[in-house]
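Each chain, letter by letter, is given below.
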Amino acid sequence: TRLPFALLRLVAACPCCLQTHPSASPPPGFRDVHLQALLGFGFLVAFLSRYGPGSVAISILVVAFAIQWAVLLQGFLHQFRNGKIHMGVQSMVRADFCAAATLISTGAVVGRVNPAQMLLLALLGVTLFTLNEHILLATRKGDSGGSVTVHTFGAYFGLMVSRILPQLHMDQREEHIQTCLFPFPTGTICLWIFWPSFTSTTTAQGSAEPWAVLNTYFSLAASTMATFILSPILCEESTPRMVGPLLIQDAAVAAVAVMGMAGEMLVTPFGALIAGFLAGLIPPLGFRFLTPVLCSRLKIQDTCGVHNVHGLPGMLGAFLGTRTGTAQALHQLSALPLTLLLATLGGCLTGELCLGWDGAEGAEVGAAPGAGGTGPGAVPRLGAARRCR
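An account of the accompanying structure is given in this report.

The rules we used
Residues numbered from 1 in each chain as written. Predicted model: local features only at pLDDT ≥ 70, side-chain atom pairs only at ≥ 80, totals over all residues. Heavy atoms only, no water. Helix = DSSP H or I, 4+ residues; strand = E, 2+ residues; numbered from the N terminus. Buried < 20%, exposed > 50% of the residue type's maximum accessible area, 1.4 Å probe, protein only. Areas by Shrake-Rupley, 256 points an atom, 1.4 Å probe, with all protein chains shown as cover. Phe/Tyr/Trp six-rings, centres within 6.5 Å; stacked < 30°, edge-to-face > 60°. Lys NZ or Arg CZ within 6 Å of the ring centre and 35° of its normal. Axes fitted to C-alpha atoms, helices over the stretch in contact; angles between N-to-C directions. Left-handed = near helix turned anticlockwise from the far one by under 90°. Contact = heavy atoms within 4.5 Å. Nonpolar A, V, L, I, M, F, W, Y, C, P; charged D, E, K, R; others polar. Salt bridge = Lys/Arg side-chain N within 4 Å of Asp/Glu carboxyl O.

Moving on: the overall build of the chain. In terms of helices and strands, the chain carries 13 helices and three strands. Classification of the 389 residues of the chain by burial places 54% in the buried group. Total accessible area computed for the chain in this model is approximately 16,300 Å², and 69% of it derives from carbon and sulfur atoms.

Below you can see the structure in the form of structure tokens.
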């Protein structure tokens, strides 16, 4: 119970010195990243009928907490000089990246935990994200758009938390999918508008930023086309042969997850088109074949499908983002196992702590926070209920 007060005293004892004038307007890159974290990621979890209204509110709560905690931790690691934390626009951008990774993690367990457990997940997730990013930056492993640090870490951290939490029963999984289509096109449009800036804001070299924007631009188009081509093929005969907005949204997310590390490395639009097309194939194939295996064999219920949308495309981006030099390629690839190790161990620890948190029993079978119901918790979208079988 004394932890929040200790954190408040710690923050009060560390005055911050802004590097930029308070009246100076932030650059467009920061605005795009901030809008993406709130709008794009916020609407990704608004599909559950009982959890839809509460999920957006919980997303804002997680973002608000993650930003403050990330600024404090990253300030001590990177901008702590003469007893002060010196802040700038780059600090806010990195904090938004951290918030995005945390929202990805929460997508794996949304509808199964209460707000207190969400904050606990954010507390430990931000801490491990900052540690992982600090190690990678210290060894100069480039990942400007966060294929590894944001998408891969966030996905597998959340999946391991989901692995530890109690599972829902079969009759609770396929009910009450959100029928209101407003969040889906809104979130998808935000993804298309702001993703190029998200992947190019922290490029290692200023000359690489146009390449990151251009490659992300083409990757989005190719990934969406791949989804339109493959998804009707995977549908059952009794299923209408159409592509819903959720599939288009997943294609956009996968396209940028693969461009996080590869965006500034690829030097031809043709390469970005191929990478985007491959990324667009991952979500429909993953929901068709891998998600049932995760649920039945590994006991992992992936509510938002972060494994297919963030995890696997992020790993593909790590492989495509290796440079031509052998030494540099090995350095780039070494970032992936380190991230997976921290995400796996940290997710298991966080899941165990969530089990012991007050109210954990009610989160297993109780109503979703903010939903105003008394029935079973919101269901994971396991491909069978959310997509073509």
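Right, let's talk about the packing of aromatic side chains for a bit. In the structure shown here, the tally under the stated rule is four aromatic pairs. With a centroid separation of 5.3 Å and 40 degrees between ring planes, the pair formed by F76 and F80 is classed as tilted. Overall, F76 belongs to the partly exposed group, its relative accessible area being 33%. Residue class for F80 comes out partly exposed when judged on its relative accessible area of 37%. Residues Y217 and F218 carry aromatic rings whose centres are separated by 5.7 Å and whose planes lie at 80 degrees to one another, so their mutual orientation is edge-to-face. The class for F218 is partly exposed, based on a relative accessible area of 24%. Members of the aromatic cluster, joined through ring pairs, are F129, F153 and F157. The ring of F97 carries the charged tip of R94 above its face, separated from the ring centre by 4.8 Å.

Moving on, we get to the packing of helix α8 (residues 209-234) against helix α10 (residues 269-296). At their nearest, the axes of α8 and α10 sit 6 Å apart, and the two run at 35 degrees to each other. As α8 packs across α10, the resulting crossing turns out to be right-handed. Two secondary-structure elements touch here, α8 through L214, N215, F218, S219, A222, S223, A226, T227, I229, L230, S231 and L234 and α10 through P269, A272, L273, G276, F277, A279, G280, L281, P284, L285, R288 and F289. When its residues are assigned to classes, the contact of α8 with α10 shows 16 nonpolar, seven polar and one charged.

Next up on the list: the pattern of salt bridges. Applying the stated criterion across every chain yields a total of one salt bridge. Residues R94 and E133 are paired through a salt bridge, measuring 1.9 Å at the closest nitrogen-oxygen approach. Placement of the pair is R94 in helix α4 (residues 89-107) and E133 in helix α5 (residues 115-138), with a sequence separation of 39 residues. In this structure R94 comes out as buried when scored by relative accessible area, which is 14%.

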